[in-house]
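# Structural features, examined
The primary structure of each chain is shown beneath.
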Amino acid sequence: MYPIPVHAVFDVGKTNKKLLLFDEQFNIVDESSHRFPEIQDESGFPCEDIVALKNWILNSLKSILLDGRYEVRAVNFSAYGASLVYLDQNGELLTPLYNYLKPFPDGMQEKIGR
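Residues numbered from 1 in each chain as written. Predicted model: local features only at pLDDT ≥ 70, side-chain atom pairs only at ≥ 80, totals over all residues. Heavy atoms only, no water.

If you trace the four strands from one edge of the open sheet to the other, you get 3-2-1-6, paired in mixed fashion. Of all strands in the sheet, those with a lone pairing partner are strand 3 (28-34) and strand 6 (70-79), marking the two edges. If you compare each strand with its neighbour and ignore which way they point, the axes differ by 15° on average. Where strand 2 (residues 17-22) and strand 3 come together, six bridges link them in antiparallel fashion. Bridging from a neighbouring strand, Lys18 pairs with Ser33 of strand 3. (Pairing = 2+ DSSP bridges. Helix = DSSP H or I, 4+ residues; strand = E, 2+ residues; numbered from the N terminus. Axes fitted to C-alpha atoms, helices over the stretch in contact; angles between N-to-C directions.)

Side chains of Val51, Leu87 and Leu93 sit close together on the surface and give an oily, nonpolar patch of about 250 Å² of accessible area. Mapping Leu87 onto the fold places it in the loop between strand 6 and helix 2 (108-112). Accessibility expressed as a relative area gives 47% for Leu87, which makes it partly exposed. (Patch = residues over 30% accessible without salt bridge, like charges linked within 9 Å, V, L, I, M, F, W, Y side chains within 5 Å. Areas by Shrake-Rupley, 256 points an atom, 1.4 Å probe, with all protein chains shown as cover. Salt bridge = Lys/Arg side-chain N within 4 Å of Asp/Glu carboxyl O. Buried < 20%, exposed > 50% of the residue type's maximum accessible area, 1.4 Å probe, protein only.)

Within the chain, Phe26 stands out as a residue other than glycine whose phi angle is a positive 65°. Structurally, the position occupied by Phe26 is in the loop between strand 2 and strand 3. What makes Phe26 exposed here is its relative accessible area of 65%.

Within the structure shown, the criterion is met by four aromatic pairs. Note on Phe10 and Phe77: the rings are 5.3 Å apart at their centroids and 15° apart in plane angle, and the pair reads as stacked. A residue pair is termed long-range when its members are at least 10 positions apart, and Phe10 in strand 1 (residues 4-12) and Phe77 in strand 6 qualify at 67 residues. Take Phe77: its relative accessible area is 47%, and that puts it in the partly exposed class. Seen in terms of ring centroids, Phe36 and Trp56 are 6.2 Å apart; in terms of plane orientation they differ by 75°. Their pairing is edge-to-face. Of this pair, Phe36 sits in the loop between strand 3 and strand 4 (39-40) while Trp56 is found in helix 1 (residues 50-66), placing the two residues 20 residues apart along the sequence. Classification of Trp56 by relative accessible area gives buried; the value is 11%. What links up through ring pairs into an aromatic cluster is the set Phe10, Phe36, Trp56 and Phe77. (Phe/Tyr/Trp six-rings, centres within 6.5 Å; stacked < 30°, edge-to-face > 60°.)

We now examine the environment of Asn76. Position of Asn76 relative to the elements: it lies in strand 6. In this structure, the C-alpha to C-alpha distance between Asn76 and Ala52, residues 24 residues apart in sequence, is 19 Å.

Here the focus is the nonpolar core. Ranked by internal contacts, the top residues of the largest apolar core, which has 15 residues, are Phe10, Leu19, Leu21, Leu53 and Trp56. Among the elements of the structure, strand 1, strand 2 and helix 1 are those that each provide at least two residues to this core. Aside from chain neighbours lying at most four places away, what touches Leu19 is Ala8, Val9, Phe10, Asp30, Glu31, Ser32, Trp56, Ser60 and Ile64. (Core = buried A, V, L, I, M, F, W, Y, C linked by side-chain atoms within 4.5 Å. Contact = heavy atoms within 4.5 Å.)

Here it is in structure tokens:
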């Protein structure tokens with residue numbers, strides 16, 4: 001009966017990070033959940049630990065791909081909010097994953113308008 005064709009969905013919520021495997025009838029055949037402690041950006045505001053998140057995604061996907069029970073046919077992501085991270089020309093992180101709840105610096109809102 002193996003391998004089961006699945007679609008892997010990484011559901012990246014503010015509190016919980018989940019990996020769901022759906023079969024072709026959209027039934028959940030496997031699910032895991034993880035929580036990461038928040039870190040702080042350069043101004044001390046709480047933010048997502050993007051390195052831990054990236055490592056969890058890559059390690060989870062690698063584990064599923066090596067698991068003989070499943071045949072991954074698609075990978076998708078859902079995520080919360082309008083968070084922001086800057087990358088360089090090589091796709092490397094330049095900044096933390098800024099939380100969308102972080103307030104604008106004083107005077108910034110007036111500079112960009114409303």
